[in-house]
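Descriptive analysis of the structure
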Protein chains: 2
Amino acid sequence: MPSYRAPVDDTLFLLNDVLQFQRFGNLPGFADMSPDVASQILSEAGKLCEEALAPLNQSGDANGCKRNADGSVTAPAGFKRAFEAYAAGGWISLPVPEEYGGQGLPYTLSMAMNEFASSANMAFAMYPGLTQGALAALLTHGSEEQKKLYAPPMAEGRWTGTMNLTEPQCGTDLGLLTTKAAPRGDGGYSITGQKIFISAGEHDLTENIVHLVLARIEGAPAGVKGISLFIVPKIVPNADGSLGARNGVSCGSIEEKMGIHGNATCVMNYDGAQGFLIGEANRGLNAMFVMMNEARLGVAVQGLSQSEVAYQNALAYAKERLQGRALTGPKAPDKKADPIIVHPDIRRMLLEIRAFNEAARGLALAAALDSDVAHRSDDAAARQAAEDRLGLMTPVLKGMFTDLGFDNAVKAQQVFGGHGYIREWGMEQFVRDARIAMIYEGANGIQALDLVGRKLPREGGRAIMAFFKDGAELLGGHSANEAMKPYVVPAQAALSDLQKASMWLMQNAMAKPDNAGAASYDYMHLLGRVALGLMWVRIAAAAIEKKAREPDMAALMDAKLTTARFYMERMLPETSLRLARIVAGADTMMSLAPEMF
Amino acid sequence: MPSYRAPVDDTLFLLNDVLQFQRFGNLPGFADMSPDVASQILSEAGKLCEEALAPLNQSGDANGCKRNADGSVTAPAGFKRAFEAYAAGGWISLPVPEEYGGQGLPYTLSMAMNEFASSANMAFAMYPGLTQGALAALLTHGSEEQKKLYAPPMAEGRWTGTMNLTEPQCGTDLGLLTTKAAPRGDGGYSITGQKIFISAGEHDLTENIVHLVLARIEGAPAGVKGISLFIVPKIVPNADGSLGARNGVSCGSIEEKMGIHGNATCVMNYDGAQGFLIGEANRGLNAMFVMMNEARLGVAVQGLSQSEVAYQNALAYAKERLQGRALTGPKAPDKKADPIIVHPDIRRMLLEIRAFNEAARGLALAAALDSDVAHRSDDAAARQAAEDRLGLMTPVLKGMFTDLGFDNAVKAQQVFGGHGYIREWGMEQFVRDARIAMIYEGANGIQALDLVGRKLPREGGRAIMAFFKDGAELLGGHSANEAMKPYVVPAQAALSDLQKASMWLMQNAMAKPDNAGAASYDYMHLLGRVALGLMWVRIAAAAIEKKAREPDMAALMDAKLTTARFYMERMLPETSLRLARIVAGADTMMSLAPEMF
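These numbers were taken from a predicted model, which means no experiment stands behind them.

1. Points about the overall build of chain A
Within chain A one finds 18 helices and 11 strands. On the principal axes, the C-alpha backbone points of chain A span a range of 80 × 60 × 60 Å. Classification of the 597 residues of chain A by burial places 64% in the buried group. Pairs at least 24 residues apart make up 74% of the contacts formed inside chain A by residues separated by at least 6 positions. Across chain A, the 56 positively charged side chains and the 65 negatively charged ones have centroids separated by 4 Å.

Have a look at this one:
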């Protein structure tokens, strides 16, 4: 059975030494966050994930969810108890404001917990994860009454949440949505239609499920400007929060999928179900985007999470499995063969994964910090800068983390040779589970379009200009330091590739939008690789400083510096390939008639 | 349910126009191979695969193989009848010499059939595929008596074959092998030990199974120089070929795997089973390598096969699925949305797959032709040149085709969005099935080491020097042709990257073998990308010529030229990234102590 240990120390190093979490002490919820408190919280988080969630990962995959004849769904054995422990530990309520039943602590800590929980059991972690996303949408766009009624039981983990967008004919293109909302006269609506691919749509973990559902109010404009968002509870709560009548929503079937078998992916049938409008009519997409942006970061972290847990297991196998001898002569002459970690190509795979994991974790935590600043700072300029960064990075993190998370799970599986293909070793489950993250919450091609079509041009390119400025300042600040050269020089070259690509887009995509579409995927990955590179520069700087300050940390910090060099030498050069593809333009790609494919 | 149409026309174009198959009319078995005959044979092959094999692919995956209480194994429903049809069609015997029950036709045609069969049903195609591999080893190293006894029933498909190398402690490192062979006094041996991961190790398709088993004769030297190869029939045949007694070999269990569920992956227990030495004692690896090299090409083609069938289905979906509008305005204004093939990023994915498939098919057929020349030509120089090319390209094709075949199946799945993750659409099966090809017959890292450590330096680099010479001649021959410039110029740059990388290896890997190990994977992919590029140059030249000669083929040929340009603009530039990684060397990678990972 695969094992998992939460990377608490690495997370604390990133928070304390690299991101200097302490700088944010003035934000609400951050005041008491000393390194010791953060360490205690993350250690508790890790313990729960290691002890309660990870042991259910393989059995959850093997047994899956079961839809019963009455339409109820039974989650895998043990999930209900684990969910209760998760909720009781306060892990759902952690970032929720105190007035709505939460603890008001930094979302940044939630982000770390989300990574740990997803590594331990991705299918499980979706239940609380979706609940947190629904909570975010509700808290941003719900009425005071709605917030008071729904948020506390969700924060406490008595109810869970879902998001209902997709319909059979309508995935990316939400304008095609046909689910109907008819006014009931009492201020509520009657919701009718079918939603598909609804994660955690039905289960037995909690007494109630709060569905957030996109639907079209009768007579609303066609397209995306006629879509509204509704709360459709499985059981309609009374005004005092007690459970009332069963609503007209049910799970019609659950999908047989490639992975995440522990999470029920439901066809949800709405048959005149009672629904309550959230926010303004016809502005439903806006409200849903709050949930989707939070969910996109959550999905990004799923990519990282599978990469991390797959890495840990591949590393353990590489140290244990004896096969062949080192090219430079036996390293374990007393044994029949050397452990395979002596082989350069095994190290290549491990280092490619590790060089992603540590910097990606830094980027995820930095994004979460930006989210905290954007929501909690009283400094408007700081809020705007954080929002810009978050808007720019959300599609990049979703697209790149899930692509590389999957690739890395595949690499880690490869380290196992034939055993990687056998179910009992657990590696192939990481691959199957990781695969969905590239697809849902907007397939990665859609993330790329969102980046290039919306996030880049927004406000005259303010966010990307700030990215360049921050990058130049970071690199400039270290350029005089000889020890930083191996990191600063390649990062400078990569940043320059990104600037060229951005310039090319400005000059070539306005008049010819297909050039933007054709460039989008490579641009997303180019920006992502540069962001990882800049994060490695920050990590390297922190490691050099920490090493000088705490000599007993030298070996650990040297390992980080080696990994940083590996990233710079072998991974960051990819930026020039991405640039070459971008400037190739759309002509060849678009010239083939569909029937000639 | 996914669909499949065998690419008969493209195969014929490659054989007739690009590879000029007719040039080989002097080889045994090629004389009657007019384009018409080849077309008939391939059409029949395609028909069988489309009609008899493809319909069993999803059900074979869903139902899998079943080991019964008596140790027998039942293949999925329909497989037995399909295997009989496959055998009756002469598809196993096709390349086998007539004196051993075969038809003596070109192996090149078998290669085409193997692709079709693997696309239609990869798990199924392994049964005849392994039989052909075992036949090849038997015909090369078996005694006349062994050949007469075993080859005809295998060629007829009454018996199948397997290869038994792996043991729990011994995968790549065959020196660790412990299965024992004790002389019985009658010239035979008694085989005892356990083999794992034995594909098609037990099943109910045929009356007998011929296991080729590596074992160590008592008293043999330690390591790989003490390994011998044995025939161990499931049922020992009498001298007249009739079935005799059940042998002491049985299937202990079958593995639960990620994919290829239609093929039983067996733990095989040898308990004093009667075995017959093939070839010389202690030279078993040599004999097995014949089977492994044939099997490696077969596995390479599995990569291509999954890429092809996944492409076909993704393309059909991209033409049908309506979602969003083209960036340049509606293309299907009468419909609610445009088919997603209007979107550049969808085209990017499709073209990346297609640009691989067509050139890879050309390389596979070229390798098969080399195999035919190496085995059948009476011109020693031609045989040697073909053997050199085949030796060099076999690990490259195995490694690159299976890596890209898997990546392409993932891309094709991505085109389907959420539906790609759902089992009934069939795309996730292609991904799961394709995954094994990167692992078995030598994990791809081992292919890379074989290339860099053995194939490159052999005979003073004769094979790679010939590759450079052939490449330079090909490009030189087209350099004066303006119409060929878009293909020749990028191919020249890529070839130059390969030359630089080869030079770097010569200068840096002798003294420091870790540099070879660290470079190996990138070198394999670099050589592979260049080989695909040179094949696209050949295809482009043939397309330009055919277009001039046959005006009604112009649209088809233009599509090939567009795909060639796409390859040159967007895929071939990867060679410079591979070169950059290679010359980064091993220092960073090897400097991290195992405990610091």
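2. Brief notes about the UniProt feature "domain: Acyl-CoA dehydrogenase/oxidase N-terminal" (unreviewed entry) in chain A
As recorded in UniProt, the sites labelled "domain: Acyl-CoA dehydrogenase/oxidase N-terminal" (unreviewed entry) are residues 80–157 of chain A. Structurally, residues 80–157 of chain A is divided into 71% helix and 0% strand, and its ends, taken at the C-alpha atoms, are 11 Å apart.

3. Here's the deal with empty space enclosed by the protein
Summed over the entire model, instances satisfying the criterion amount to five cavities of 30 Å³ or more. Around the largest cavity sit B:Met1, B:Pro2, B:Ser3, B:Tyr4, B:Ala54, B:Asn57, B:Gln58, B:Ser119, B:Ala120, B:Val309 and B:Phe430, which together line it. Within the lining of the largest cavity, the residues separate by chemical class into seven nonpolar, four polar and no charged. There is about 70 Å³ of room inside the second largest cavity. Forming the walls of the second largest cavity are A:Met1, A:Pro2, A:Ser3, A:Tyr4, A:Ala54, A:Asn57, A:Gln58, A:Ser119, A:Ala120, A:Val309 and A:Phe430. Of all the secondary structure elements, the ones that give two or more residues to the lining of the second largest cavity are α3 (57–63) and α5 (107–120) of chain A. Per-class residue counts for the lining of the second largest cavity are seven nonpolar, four polar and no charged.

4. Some words on the environment of B:Glu428
With respect to the helices, strands and loops of the structure, B:Glu428 is situated in helix α11 (residues 427–437). For B:Glu428, a relative accessible area of 1% corresponds to the buried category. Separated by 29 residues in sequence, B:Glu428 and B:Pro457 place their C-alpha atoms 40 Å apart. Among residues more than four places away in sequence, those in contact with B:Glu428 are A:Met258, B:Gln413, B:Gly420, B:Tyr421, B:Ile422 and B:Arg423.

5. Focus: the packing of helix α17 (residues 574–583) of chain A against helix α17 (residues 574–583) of chain B
It is at 9 Å that the axes of α17(A) and α17(B) come closest, and there the two elements cross at 170°. In this view, α17(A) runs roughly antiparallel relative to α17(B), as classed from their interaxial angle. Contacts between α17(A) and α17(B) involve A:Glu574, A:Leu577 and A:Arg581 on the former and, on the latter, B:Glu574, B:Leu577 and B:Arg581. Residues belonging to the contact of α17(A) with α17(B) are distributed by class as follows: two nonpolar, no polar and four charged.

6. Some words on unusual backbone geometry
Phi is positive for A:Ile260, close to 35°, though the residue is something other than glycine. Even without being glycine, B:Gln20 reaches a positive phi, approximately 50°. Locating B:Gln20 in the fold gives a position in the loop between α1 (8–18) and α2 (35–53).

7. Side note on the packing of helix α14 (residues 485–508) of chain B against α17(B)
In a packed pair of helices, the relevant descriptors are the angle between the two axes and the axis-to-axis distance. All names here are of chain B. One can describe the packing of α14 onto α17 by two numbers: an axis separation of 9 Å at closest approach and a directional angle of 10°. With respect to each other, α14 and α17 are oriented roughly parallel. Of α17, the residues touching α14 (which contributes Ala494, Asp497, Lys500, Ala501 and Trp504) are Thr575, Ser576, Leu579, Ile582 and Val583. Broken down by class, the residue content of the contact of α14 with α17 amounts to six nonpolar, two polar and two charged.

8. Observations concerning the nonpolar core
With 433 residues, the main nonpolar core has A:Phe467, A:Tyr523, B:Phe467 and B:Tyr523 as its most contacted residues. Setting aside chain neighbours within four positions, we find A:Phe467 in contact with A:Leu392, A:Met393, A:Leu495, A:Leu498, A:Leu527, A:Val530, A:Ala531 and A:Leu534.

9. Thoughts on the interface of chain B and chain A
Listed by partner, the interface residues are 90 residues for chain B and 90 residues for chain A. At the boundary of chain B with chain A, total buried surface from both sides reaches about 7900 Å², with 62% on carbon and sulfur atoms. Ranking the residues of chain B by area buried against chain A places B:Tyr421, B:Arg570 and B:Phe597 at the top, with a combined share of 12%. The salt bridge involving A:Asp522 is made with B:Arg570; its shortest N-O contact spans 3.6 Å. At the junction of chain B and chain A, the tally comes to 43 residue pairs in polar contact (both at pLDDT 80 or more). In terms of residues, the side of chain B that touches chain A owes the most to one element, helix α16 (residues 554–571) of chain B, which gives eight residues. Grouping the amino acids of the side of chain B that touches chain A by side-chain chemistry returns 45 nonpolar, 20 polar and 25 charged.

10. A word on the packing of aromatic side chains
This model, assessed by the stated rule, comprises 27 aromatic pairs over all chains. With 6.4 Å between their ring centres and 55° between their planes, A:Phe24 and A:Phe30 make a pair best called tilted. With a relative accessible area of 3%, A:Phe30 lands in the buried category. Measuring from centroid to centroid gives 6.4 Å for A:Phe467 and A:Phe468, while their planes differ by 75°, and the two rings are edge-to-face. You can call A:Phe468 buried: its relative accessible area is 11%. An aromatic cluster of at least three residues, connected via ring pairs, comprises A:Phe79, A:Phe83, A:Tyr86, A:Phe124 and A:Tyr127. For the cation-ring pair, B:Arg435 lies above B:Phe406, with the distance from its terminal atom to the ring centre recorded as 5.7 Å.

11. Points about the relation of the copies chain B and chain A
The two chain copies are related to each other by a rotation about an axis together with a translation along it. Between chain B and chain A, the superposition needs a rotation of 180° and an axial shift of 0.0 Å, giving an RMSD of 0.0 Å. Look at the turn and shift together and you get a two-fold axis relating the two. Residues of chain B ranked by C-alpha distance from the rotation axis are headed by B:Leu577, positioned 3.3 Å from it. In this assembly, 100% of the residues forming the interface of chain B have copies in chain A that are likewise at the interface, indicating an isologous arrangement.

12. Things to note about the pattern of salt bridges
Scanning the entire structure with this criterion turns up 85 salt bridges over all chains. The closest approach of N and O atoms between B:Asp17 and B:Arg549, which form a salt bridge, is 3.2 Å. Here the residue B:Asp17 occupies a position in helix α1, and B:Arg549 occupies one in helix α15 (residues 513–549), the gap between them amounting to 532 residues. Judged by relative accessible area, which is 17%, B:Asp17 ranks as buried. Between B:Glu428 and B:Arg423 there is a salt bridge, with the nearest N and O atoms lying 3.2 Å from each other. Linked by salt bridges that have partners in common, A:Asp10, A:Glu115, A:Glu308, A:Arg354, A:Glu358, A:Arg361 and A:Lys560 make up one network.

Rules of the game
- Residues numbered from 1 in each chain as written.
- Chains lettered and ligands numbered in written order.
- Predicted model: local features only at pLDDT ≥ 70, side-chain atom pairs only at ≥ 80, totals over all residues.
- Heavy atoms only, no water.
- Helix = DSSP H or I, 4+ residues; strand = E, 2+ residues; numbered from the N terminus.
- Buried < 20%, exposed > 50% of the residue type's maximum accessible area, 1.4 Å probe, protein only.
- Contact = heavy atoms within 4.5 Å.
- Lys, Arg positive; Asp, Glu negative; His and termini not counted.
- Charge placed at Lys NZ, Arg CZ, Asp CG, Glu CD.
- UniProt positions renumbered as here; feature names shortened; annotations may be inferred.
- 1 Å grid on protein atoms, 1.4 Å probe; cavity = no way out; pocket = protein on both sides within 12 Å on 5 of 7 lines; lining within 4 Å.
- Points joined across faces, edges and corners; volume = space filled by probe spheres on them.
- Nonpolar A, V, L, I, M, F, W, Y, C, P; charged D, E, K, R; others polar.
- Axes fitted to C-alpha atoms, helices over the stretch in contact; angles between N-to-C directions.
- Parallel < 35°, antiparallel > 145°, perpendicular 65-115°, else oblique.
- Core = buried A, V, L, I, M, F, W, Y, C linked by side-chain atoms within 4.5 Å.
- Buried area = accessible area lost by both parts, 1.4 Å probe.
- Salt bridge = Lys/Arg side-chain N within 4 Å of Asp/Glu carboxyl O.
- Polar contact = N/O pair within 3.5 Å; in protein donor to acceptor, adjacent residues only side chain to side chain.
- Phe/Tyr/Trp six-rings, centres within 6.5 Å; stacked < 30°, edge-to-face > 60°.
- Lys NZ or Arg CZ within 6 Å of the ring centre and 35° of its normal.
- Least-squares fit on C-alpha atoms with pLDDT ≥ 70 in both.

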